[in-house]
Each structure stands twice: as structure tokens, then as C-alpha cells.
Amino acid sequence: MSASASTTSGDRLPLAVSSIILTVLALSLGDALIKMTSGSFVIWQIFVLRSLILLPILGCLAFSLGSLRVPAAIGWVTLRSLMLIAMWVSYYLSLPKLSLPAAAAAYYTLPIFIILFSAIFIGDRISKTGWFAVVLGFLGVLLILRPKADDFNAYALLPLISAMLYAGAMIVTRTRCRDEHPLSLSLALNIGFIIVGGVAAGIILLLPMELRQGFLLSPWTPMGQAEWISMGLLAAAILIGSVGAAIAYQNGPPAVIGAFDFAYVGFAVIWGIVFFNEAPDVIASIGMIMIVGAGVLSLRQ
């Protein structure tokens, strides 16, 4: 990838920023639902069923908008989808061995990787203000999550890998998939979820019974009305998230949009209050203010 003036022409920053905020709102809600239902589902079941629910919706939307076609950059679109799927798998693999605060703190090095990759692969000039915004936002995350030093172990590398994969996927979105319709990108991602989830489910059936346990390796569980409602909500979240992320990174500089990804933490705190009765204290509130300030500063860099 090389720097090009075309990567900044035609940006629509208000659309990009509003899209990423809506995206992290939806994805944080979806992750809260996954946390509540992780004892009921295996991750591959979520991948396959929520995407099967989404595909007819995405197909109808794409057909009505005249965007139901094979992407021109099919290779790059496939790579982007695989990177995002690997991102989710890497993050969930860490959770059985890491505390949630430690995993989240490691993952939210994400904007730092986005800014770094933007400088390396796109040639974006990152000002001192931009770097300060990223550091300020990350410190705000640490104030909210406050992971203990002994929480970190070798599994802490998995959320870091997840962050790098997401950052790389967004750079690919910006530089190689910018002209693809967001619905096409979402369709490709959800088809990828079905394929990868289906293959993983088949492999699990070949494993010895004593290994078939946990969020990653359990067999699929029966679905009742409550489970289907949960799956429908997860499908809605990934629909908004997958389309919104594509729109955001197609229409705004990755370094700027990446800073607004920190809003995920604020929404996660809200869902913690609503669903798990976890109210933030004074220090966490200061952290949220720092995150908002980092987003504002990123627009000035």
C-alpha cells in the first residue's frame, strides 16, 4: 500500500464519525448480550446463526440499491473479512484465560495500531496532537478498566493480535475497498462467518467428548424462543456494526476514526449499569471524560 492523495479526497468526516459511534454502540450492546448468553451458546453457533438471519436482509437491501454483485476487489474484500473474523476469534480465545478488564485494556491499544499502520502503509502524517489524543484515550481506558498487573499473562497477546487484525482490516477498507459498497463488504463478512463457523462446528464434532466444552469448543445448544430473540438482537448488532465500520473507514482518515473507537468503552460502561448493575466510580468517570477529550483532539490533528 502506498500513500495517495486520493485517500483523503472526498472524505465526509461527519458521516464517518457518526457511523463509527453508531457502530461501537451496536457492537458494545452485542458484546453485552454475548456476555449474558455465553453460557448458552458456542461462539461458532453465534457466528453461523446470526449471519444466516442477516443474509436475506442484506441481500434484499443490496438488491434494492443495485449493489448485489461480486466485489471488484474480491481478493482484498476476502482478506478483510478473514482478518475481521480472526480478530473476533482471537479476542474470544483470550477470555477464558484473562480477566475481562485485562483483555479489554490490551485490545484498546487498537487506535495506536491504526495510527501506526496509517503512517506506515498510507503515509498519513500524524501530528503531536494526534499522538497525544491516542495516548490520552488509552489512559482513559486504563482508568476505567484498571487491570491488575498480575492479570496479564501470555494470553494477553491474543487481544493485542485482535487489535492489530482490526487495525489492519480498517486500513484495507480505506485503501483497497474504499469503492466497494458497504453492503457488499457486510455480505462478504457474514458469508465468511457462516463458512468459518460451519467448518469449526464440523471439526468440533470430530473431537473427543472430553474436549467438547467451553465457549469455543462446545457442541451447538438447542434453541428456544428466548435464544432466537437473543440471536436476532445479535444479528441486528452485527448488521449495524459491519455496515457502519465500512462506511466510517471509507469516509474518514483511519487515525481520526480510530480515536472515536474509544467510545466503545463508554457504551460498555452504560450496558454494565443497565444489564449487570455495574456503576462507574469517580475514577472511571474521569477516564470517560479523557476518552471524549481524545476524540475531540483527534479532529484537531
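I will try to describe carefully the structure that is included in this document. All residue numbers refer to positions counted from 1 along the written sequence of the respective chain. With the structure being a predicted model, the display of local features is reserved for residues of pLDDT at least 70 and the display and counting of side-chain atom pairs for 80 or more, all residues being used for whole-chain, interface and lining totals. Excluded from the side-chain calculations are hydrogens and water; all other atoms, namely the structure's heavy atoms, are used.

### Structural notes on the packing of aromatic side chains
- Only Phe, Tyr and Trp rings take part, Trp by its six-membered ring, and two of them pair if their centres are within 6.5 Å. Stacked means planes under 30 degrees apart, edge-to-face means over 60, and tilted covers everything else. Evaluation of the coordinates by the stated rule reveals seven aromatic pairs.
- Their ring planes at 85 degrees and their centres at 5.6 Å tell us that Trp 44 and Phe 47 sit as a pair that is edge-to-face. Of this pair, Trp 44 and Phe 47 both sit in helix H2 (residues 43–64), separated by three residues, roughly a single helical turn. The residues Trp 44 and Phe 47 share a single accessibility class, namely buried.
- Their ring planes at 55 degrees and their centres at 5.5 Å tell us that Trp 88 and Phe 193 sit as a pair that is tilted. Taken together, the positions of Trp 88 in helix H3 (residues 74–94) and Phe 193 in helix H8 (residues 182–205) put the pair 105 residues apart, joining distant regions of the chain.
- Exposed residues in this analysis have more than 50% of their type's maximum accessible area, buried residues have under 20%, and partly exposed residues fall in between, with area computed by a 1.4 Å probe over protein chains only. Judged by its relative accessible area of 13%, Trp 88 falls in the buried class. Per the convention used, a helix needs a DSSP run of H or I reaching at least four residues, while a strand needs a run of E reaching at least two, with both numbered from the N terminus.

### A closer look at a nonpolar patch on the surface
- Patches in this entry comprise residues that are over 30% relatively accessible and not in a salt bridge; like charges within 9 Å are linked, as are nonpolar side chains (Val, Leu, Ile, Met, Phe, Trp, Tyr) within 5 Å. Each accessible area value is a Shrake-Rupley result obtained with a 1.4 Å probe; residue values ignore everything except the protein chains displayed when judging cover. Basic side-chain nitrogens of Lys or Arg form a salt bridge, by our definition, when they fall within 4 Å of a carboxyl oxygen of Asp or Glu. A cluster of nonpolar side chains, Met 36, Ile 270, Ile 273, Val 274 and Phe 275, forms an exposed patch at the surface whose accessible area comes to about 420 Å².
- For the nonpolar patch, the element with the highest residue contribution is helix H12 (residues 263–276), accounting for four residues.
- Mapped onto the elements of the fold, Ile 273 is located in helix H12.
- Classification of Ile 273 by relative accessible area gives partly exposed; the value is 39%.

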